[in-house]
Amino acid sequence: MRAEWFKGAAEAAAVKVSSRRGFLKAGAAATGGLVLGFVLPGGRRLARAADAKPVVYAPNAFVRVAPDNTVTVIVNRLEFGQGVHTALPMVIADELDADWAQVRSELAPAADVYKDPVFGMQITGGSGTIAHSFTQYREVGARARAMLVAAAAKQWQVDPSQCRTEKGVVIGPGGQKATYGALADAAAKMPVPETVVLKDQKAFRYVGKPMARLDARAKSTGRQQFGLDLKPQGTKIAVVAHPPVFGAKVAKFDAAKAKAIRGVVDVLEIPVDRGGRGIAVIADGYWPAKQGRDALEIEWDTSAVEKVDSAKQMAQFAELAKTPGAVARQADTSKLAGAAKKISAVYEFPYLAHAPMEPINCTADLKDDSCTLWVGSQYQTGDQAAAAATAGLKPEQVTLHTVMAGGGFGRRAVPSSDFVVEAVNIAKAYKAAGHQGPVKMIWSREDDIKGGYYRPSHVHRADIGLDAQGNIVAWDHAIVGQSIMAGTPFEAFMVKNGVDGTMIEGMGEPYDIPLNLTAHTAKANVPVLWWRSVGSTHTAFVMETLIDEAAHAAGQDPVAYRKKLIDAKHTRHHAALDLAVAKSGYGKAKLPKGHVHGVAVHESINTVIAYVVEASMKDGAPKLHKVTAGVHCNLAVNPLTIEAQIQGAALMGLGTTLPGAAITLKDGVVEQQNFSDYVVPRMNEMPQIDVHIVPSQDAPTGMGEPGLPPLAPAFANAVFKLTGKRLRKLPFDLASA
């Protein structure tokens, strides 16, 4: 189902752009160089209608060639660690024949021109940046190059076909040379070619090569500005006292002590997410704002909201899982009764917080006829629209500046735009109280972890039957959990027959098994959201530990058993698994005493990752020593970025196994508040991670998320070899196994 959700990589590659509807050129009055823009064609899912009139956008959209020869590429996504600030410029630079030493990159503001060509909205999600914009950015680069060549050819009075380009220079048939910077103004006056011939991939100079990130130096030296660092002139800082239970109201409050703190400007009641109410303390800086909030005396009204209890919820989910739910996939289960061997299992998965290193923040400057935002947004289209609606403005009256963000994992792409709406509500109240100027809302770490929009909790129930030869003859499966799509704009095409497609993604494939799958959608007063790799965070664990268990019951090697079950058409799965096995020495290398291998393979976002992990038991707890990854993401645009994404995702996957990696609720209140009680992996827990990429020339797929799902099941399968215990919960709980 996830593949259906993000279906369109091939569709993106087929985007056709004409000079009238596709590209816009502009003179250099403002920037002094060649500027190219890109207009999204209609007809895409969630895009405007195919017969809608093309929109004429302002210049400086995707690439700027300046007189000093610098080439600035505008990145239409959020950069929050995944490397798109470098990968997309690589794509344009290759087709443009730019000199990489002169390439720069900037993050795009919210604008229609920057909408994802497949999703039809400006969003960073689904690991779709490279998968969806590879061809788009290649065409931008190729058209810019063609216009520069045309300008040089006209100047030299030769045919453009007689000219070639190299590292930011056009070279003529007689050895003439002109830099891109010198040609930029003239190139801006050239007609935009309706069609361009893209390079043969063999001619790539940058794509496919390990390239250092353009933002690496600024980030490693502390010079990079993130949302938390930005403070436009006159900005005040706001912190909010949120209700302890989601959606609760303020019964009454006393702000006298808060207002007495030096630096506090005002204390204002505001609407907050899910129909609740909160108190914003606005001050000259963060510290007085926080002190003011701590001094508030608030009486909360929680009488009208459900108070979730995690332990009771899990018990209720487990009971519900015993019954069939809405049908997602049908298969005959009659052979269960007479199966030679049976496996019955119940799995539990808790709520998970996104917990990025940079907590939520947003700066809003609200005026009578405009609103300006500075925010690390994954969802510019939705956030701009939500800000406009909240402020009583039109979307075009809202300027949203995309700023660098320190992580997100989905939390900065919320269909409700909760934290952006909160910032605008603060700005509204601040303005209504007679104040002027920007207000910067900052959530503390505690606010961030207790603030909701978690990966949903789930329960899985599986009953599997095997014949005497170890073949799976029946598999009955039920899943219970909250829907992340219900009530969002995505519900219409992601919830089918009562089943949220994200809840079941990753179930069954690529294995040839008779899977009967049903799902129950539960409701709870806990806001839920996609979390890095979405449904695969739990379905991969279930599938890969159960396949491993079936292999053990059949008395067969787990790698051989998988390869037997993986249909031959799934060549990428075989290739990724074979590569990980070969590079790890699985079945051949002599491991240190007490060390074992564990295996898992999973596809998410159209990318296949296979892990062979090496683990042992240390002081009664499992210890992960090494991870060998086989990666099949088709064409690897920047192998260095891919390696980093696998390392980060694997570590995050490891984090889901650590005791304490869970969000729990008691009487509706989240019990965790910081990294002291919500566990994330530390440096001493980082294993050695070796990344190997299957060579391919096919259109690239996504890499931001797929490295996470297979880690936990591979580790759990190793733990079984070490202890004989099958782990049915995340985080790991050996005591109850």
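Refer to the preceding data block for the structure.
Residues numbered from 1 in each chain as written. Predicted model: local features only at pLDDT ≥ 70, side-chain atom pairs only at ≥ 80, totals over all residues. Heavy atoms only, no water.

Novice: Quick rundown of unusual backbone geometry? Include the residues and the values.
Specialist: The omega angle of the peptide bond from Glu-509 to Pro-510 is 5°, so this bond is cis rather than trans. Mapped onto the elements, Pro-510 comes out in the loop between helix H14 (501-504) and strand S24 (515-522). At the junction of Leu-730 and Pro-731, the peptide bond is cis and its omega measures out at 0° in the coordinates. Structurally, Pro-731 is set in the segment after helix H19 (711-723). In the Ramachandran plot, Ser-417 falls in the positive-phi region, its phi being about 50° despite a non-glycine side chain. Given a relative accessible area of 1%, Ser-417 falls into the buried group. With a phi close to 55°, Asp-667 is a non-glycine residue in the positive phi region. With respect to the helices and strands, Asp-667 occurs in the loop between strand S28 (665-666) and strand S29 (669-670). (Helix = DSSP H or I, 4+ residues; strand = E, 2+ residues; numbered from the N terminus. Buried < 20%, exposed > 50% of the residue type's maximum accessible area, 1.4 Å probe, protein only.)

Novice: Account for the nonpolar core, naming residues and giving values.
Specialist: Ile-472, Trp-475, Leu-546, Tyr-561, Tyr-611, Val-631 and Ile-646 are the most contacted members of the largest nonpolar core, which totals 71 residues. No other element matches the eight residues that helix H15 (residues 536-554) contributes to this core. With residues near it in sequence (within four places) discarded, Leu-546 still touches Ile-343, Ala-345, Tyr-347, Ala-462, Ile-464, Trp-475, His-477 and Arg-728. (Core = buried A, V, L, I, M, F, W, Y, C linked by side-chain atoms within 4.5 Å. Contact = heavy atoms within 4.5 Å.)

Novice: Describe the pairing of strand S17 (residues 371-375), listing the residues and the values that go with them.
Specialist: Summarising burial for S17: four of the five residues are buried, a large majority. In this sheet, S17 lies alongside strand S16 (residues 361-366) in antiparallel orientation, the contact comprising four bridges. Each bridged residue has a counterpart across the sheet, and for Ala-364 the counterpart in S17 is Leu-373. For the handedness criterion, the β-α-β arrangement of S17, helix H10 (residues 380-391) and strand S18 (residues 398-402) is classed as right-handed. (Pairing = 2+ DSSP bridges. Right-handed = clockwise from strand over helix to strand, strands pointing away.)

Novice: Which residues make up the sheet that holds strand S6 (residues 164-166), and what are the values?
Specialist: What holds strands together in a sheet is hydrogen bonding between their backbones, with the strands either parallel or antiparallel. Read across the open sheet, the three strands follow the order S6-S7-S8; overall the sheet is antiparallel. Here the strands that pair on one side only, and so sit at the sheet edges, are S6 and strand S8 (177-179). Looking at each pair of strands side by side, their axes are set apart by 25° on average, direction ignored. Relative to strand S7 (residues 169-171), S6 runs antiparallel, the two being bridged by three bridges. In the sheet register, Thr-165 faces S7, and the bridge partner there is Val-170. On the sheet, helix H4 (residues 129-156) packs against S6, S7 and S8 and is oriented at approximately 50° with respect to S7. (Axes fitted to C-alpha atoms, helices over the stretch in contact; angles between N-to-C directions.)

Everything listed here is a matter of coordinates, which is why it stays silent on function.
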